[in-house]
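Take a look at the letters that make up each chain.
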Amino acid sequence: MSVIASILIFCIVFILWFWLRPRSPNAPPCYPGALPIIGHGHQIFGNRKHLWKYLEKIFQYSLEKGGVLEVWLATHSVYVITDPDEILTVANTCLNKAYFYEFGKEYFKNGLITSEASIWRNHRKLLDVAFTQKVLDTFVDEMNAQTRVLVTNLNVLVDKGPFDVRQYLINYTLKIVSRTSLGLEAKDQTMIDEAYADALEDLIKVYCERAQKVWLHLSCIYDRSSLRKKQDYLLKIMNNIIDAVIVKRRSDLKLNNNESTQCDKAKPGKFKPALDQILQLVDKHHVFNDEEIPETLDTFVAAALEEHHVFNDGEIREHLDTFVAAAYDTTSETLIYVLLAIGSHPEVQEKILKEIQEVQPNKNEDISKYDLLRLVYVEAVIKEVLRLYSPLPGVARKIEKDVKLKNYTLRAGSTCILSLYGVAHHSMWGPDVNEFKPERWFDVANFPTNPNAFGAFGIGRRNCIGKQFALTLMKLTVVYLVRNYHISSDISKLESEYDIVLKAVSGHLISITYRE
Ligand code: HEM
């Protein structure tokens, strides 16, 4: 009895000390409403719509308070930063991700999103070479082909009134990403479209639910929960699919004497999927070992050999899983916001059409890599959507050593949310910050001078590796959809929910009719 009483007294004294101790003069302002023991934990309960509304409020409050704010998850301190310069400082000094990325580590392991900084540095250098403009240019024909398929699929919905466009865009982006990453052939695609995509979507929901239920952050409780059982079941489905793809691709490459079937240099327009590049890298390393690297080797392979590192099978899967997961949801959700925005702004749609007709007057022609460079208004529209609707509104880092900012010090052992939404809604964008105005991207006199003003793809060294891939794909999609259809929508009815990626709940508010 006396032991229990002592523990109780100790807890009460600790809590009183914790809540009554004077705050450091270098601590940033605290968000209102914290309670003893649980901090702000009670405020995040609710569905994912509530979660987004709550995050939006915190980001706004941080903006009002000058760009740095503190909230408490129980006794754990979480800083919320909306100032672009302070974000850059944290992003480049704290390269390790926040503890809740660990939730996704069972699946993505050392893929770029979840890897420790020490592993990330080498792998990122190696993989960057697979995302150069030169490599991306080889994907443009495949993207054109798949975008034509999207238009064919959407034709049945013409004149049928508002429909939910999400599944069409998910299948479309997933197909392009898995073709260019995994080299999947059409006949194998259905397992990705159906089993993998469904499992991945459910898995992300599992991670969100765990993030929201603070007690499930403790592994000892989570490991005994039904959510953990669900996670294991989904991981098994997804691992089996990707492992089978790698085994098949490796044997196809061997049969073709190590020449990628998607890539035949004599035939323009063919491409080499990332998986083939990585498998060949492993194979060529085996052949050449550490001897001098022949000049004819691909840059990707050569870069890896110079680094004296090749990926093992596990790492290959982790990187591919990460590419697919990081790419399809972000890109398809951004496209939904693009359609909602241009569907609600017919004048913007007309300007897009005019630009397309100037760049490529023949409606039946493919869009080339040169055309893409000239589609500057289309790019401004996409960037404005990324700014205003921030599909990835925040990323988070672990503060391992005290970090000095301009006015505050972030304490070691805490977590920091870098609010990309906050940067996009910062007053540097001007009094019309909350308006959809693609023209602002050409208004040199009033455009923010801060180099990190546009942070939708992340700020600092650990930014998005797929930025150009995503922009290319989204530009092509907008061209094909606008040259074929009048798109209408009503963005005033927009509601969003937070699933790590921000999702438009009203994905069904799009209608299309044919253009003359
Ligand atoms: C509109 C589409 C996209 C948006 C808004 C977006 C946004 C972002 C952001 C904000 C980050 C930083 C995440 C963090 O620090 O936790 C990131 C990282 C990443 N993204 Fe994207 N992304 C998009 C598309 C893509 C695509 C198409 C790919 C792959 C083909 C991709 C692959 C990745 C990877 C691998 C990382 C981790 C990079 C690293 O840590 O080195 N993303 N993305």
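Keep in mind the model is a prediction, meaning the values are calculated, not measured.

**Quick look at the coordination of the iron atom of the ligand**
Phase 1 of the analysis: Within the protein, just one atom coordinates the iron atom of the ligand: Cys464 (SG), at a distance of 2.3 Å.
Phase 2 of the analysis: With respect to the secondary-structure elements, Cys464 resides in the loop between helix H18 (420-424) and helix H19 (467-484).

**Description of empty space enclosed by the protein**
Phase 1 of the analysis: Tallied over the full model, the rule gives four cavities of 30 Å³ or more.
Phase 2 of the analysis: Its boundaries defined by the atoms lining it, the second largest cavity holds a volume of some 70 Å³.
Phase 3 of the analysis: Looking at the second largest cavity, the residues that line it are Asn96, Lys97, Ala98, Tyr101, Glu102, Lys105, Thr114, Ser115, Glu116 and Lys398.

**A word on unusual backbone geometry**
Phase 1 of the analysis: Residue Ile37 is not a glycine yet carries a positive backbone phi of 70°.
Phase 2 of the analysis: Considering the arrangement of structural elements, one finds Ile37 in the loop between helix H1 (2-20) and helix H2 (48-64).
Phase 3 of the analysis: Even without being glycine, Ile500 reaches a positive phi, approximately 75°.
Phase 4 of the analysis: The residue Ile500 is located in the loop between strand S8 (496-499) and strand S9 (501-504) in this model.
Phase 5 of the analysis: You can call Ile500 partly exposed: its relative accessible area is 37%.

**Focus on the nonpolar core**
Phase 1 of the analysis: Of all hydrophobic cores here, the largest spans 153 residues; its most connected members are Ile352 and Leu410.
Phase 2 of the analysis: Other than its neighbours up to four places away in sequence, Ile352 contacts Ile342, Tyr377, Val378, Val381, Val478 and Val482.

**Some points on the environment of Ala341**
Phase 1 of the analysis: Inspection of the secondary structure assignment puts Ala341 in helix H14 (residues 313-344).
Phase 2 of the analysis: Taking the C-alpha atoms as reference, Ala341 lies 9.1 Å from Ser488; in sequence the two are 147 residues apart.
Phase 3 of the analysis: Apart from residues no more than four positions distant in its own chain, Ala341 is found in contact with Val385, Tyr389, Phe436 and Ile491.

**Looking at the sheet that holds strand S3 (residues 394-399)**
Phase 1 of the analysis: Here four strands make up an open sheet; going across it, the order is S1-S2-S6-S3 and the pairing mixed. Since the sheet does not close on itself, it has two edges, and those belong to strand S1 (68-73) and S3, each with one partner. Across this sheet, the average inter-strand angle for adjacent strands is 25°, counted without regard to direction.
Phase 2 of the analysis: In the sheet, S1 pairs with strand S2 (residues 76-81) via six bridges, with the strands oriented antiparallel. Opposite Leu69, over in S2, you have Val80 as the bridge partner.
Phase 3 of the analysis: Against the sheet, H2 engages S1, S2 and strand S6 (414-419), with an angle of about 140° to S1.

**Some details on the side chain of His217**
Phase 1 of the analysis: You can see His217 is positioned in the loop between helix H9 (186-212) and helix H10 (219-222).
Phase 2 of the analysis: A polar atom in the side chain of His217 sits 2.7 Å from the side chain of Tyr99.
Phase 3 of the analysis: Beyond its immediate chain neighbours, meaning those up to four positions away, His217 contacts Tyr99, Phe103, Arg210 and Ala211.

**Some remarks on helix H3 (residues 84-93)**
Phase 1 of the analysis: Of all the residues in H3, the buried ones are Pro84, Glu86, Ile87, Val90 and Ala91. End-on, the buried residues of H3 take up no more than an arc of 155°, which puts them together on one face.
Phase 2 of the analysis: The secondary structure elements touched by the buried residues of H3 are S1, S2, S3, strand S5 (409-410), S6 and H18.
Phase 3 of the analysis: One side-chain oxygen at the N-terminal end of H3 lies 2.9 Å from the backbone nitrogen of Asp85; it belongs to Asp83.

**Regarding the pattern of salt bridges**
Phase 1 of the analysis: Within the structure shown, the criterion is met by 26 salt bridges.
Phase 2 of the analysis: Note that Glu379 is salt-bridged to Lys383, the shortest N-O span being 3.3 Å. Of this pair, Glu379 and Lys383 both sit in helix H17 (residues 376-389), separated by four residues, roughly a single helical turn.
Phase 3 of the analysis: Under the relative-accessibility criterion, Glu379 is labelled partly exposed at 23%.

**Regarding the pairing of S1**
Phase 1 of the analysis: In terms of residue burial, S1 counts as a mostly covered element, since six of its six residues are buried.
Phase 2 of the analysis: Judged by which residues are buried, S1 turns out to be covered on both faces: Val68, Glu70 and Trp72 on one side and Leu69, Val71 and Leu73 on the other are all buried.
Phase 3 of the analysis: Joining the antiparallel neighbours S1 and S2 is a turn of two residues, in which Ala74 adopts a positive phi near 55°.

Thresholds, definitions, all that
- Residues numbered from 1 in each chain as written.
- Predicted model: local features only at pLDDT ≥ 70, side-chain atom pairs only at ≥ 80, totals over all residues.
- Heavy atoms only, no water.
- Donors = N, O, S within 2.8 Å, 3.2 Å for Na, K, Ca; no water.
- Helix = DSSP H or I, 4+ residues; strand = E, 2+ residues; numbered from the N terminus.
- 1 Å grid on protein atoms, 1.4 Å probe; cavity = no way out; pocket = protein on both sides within 12 Å on 5 of 7 lines; lining within 4 Å.
- Points joined across faces, edges and corners; volume = space filled by probe spheres on them.
- Buried < 20%, exposed > 50% of the residue type's maximum accessible area, 1.4 Å probe, protein only.
- Core = buried A, V, L, I, M, F, W, Y, C linked by side-chain atoms within 4.5 Å.
- Contact = heavy atoms within 4.5 Å.
- Pairing = 2+ DSSP bridges.
- Axes fitted to C-alpha atoms, helices over the stretch in contact; angles between N-to-C directions.
- Polar contact = N/O pair within 3.5 Å; in protein donor to acceptor, adjacent residues only side chain to side chain.
- Arc of directions from axis to C-beta.
- Salt bridge = Lys/Arg side-chain N within 4 Å of Asp/Glu carboxyl O.

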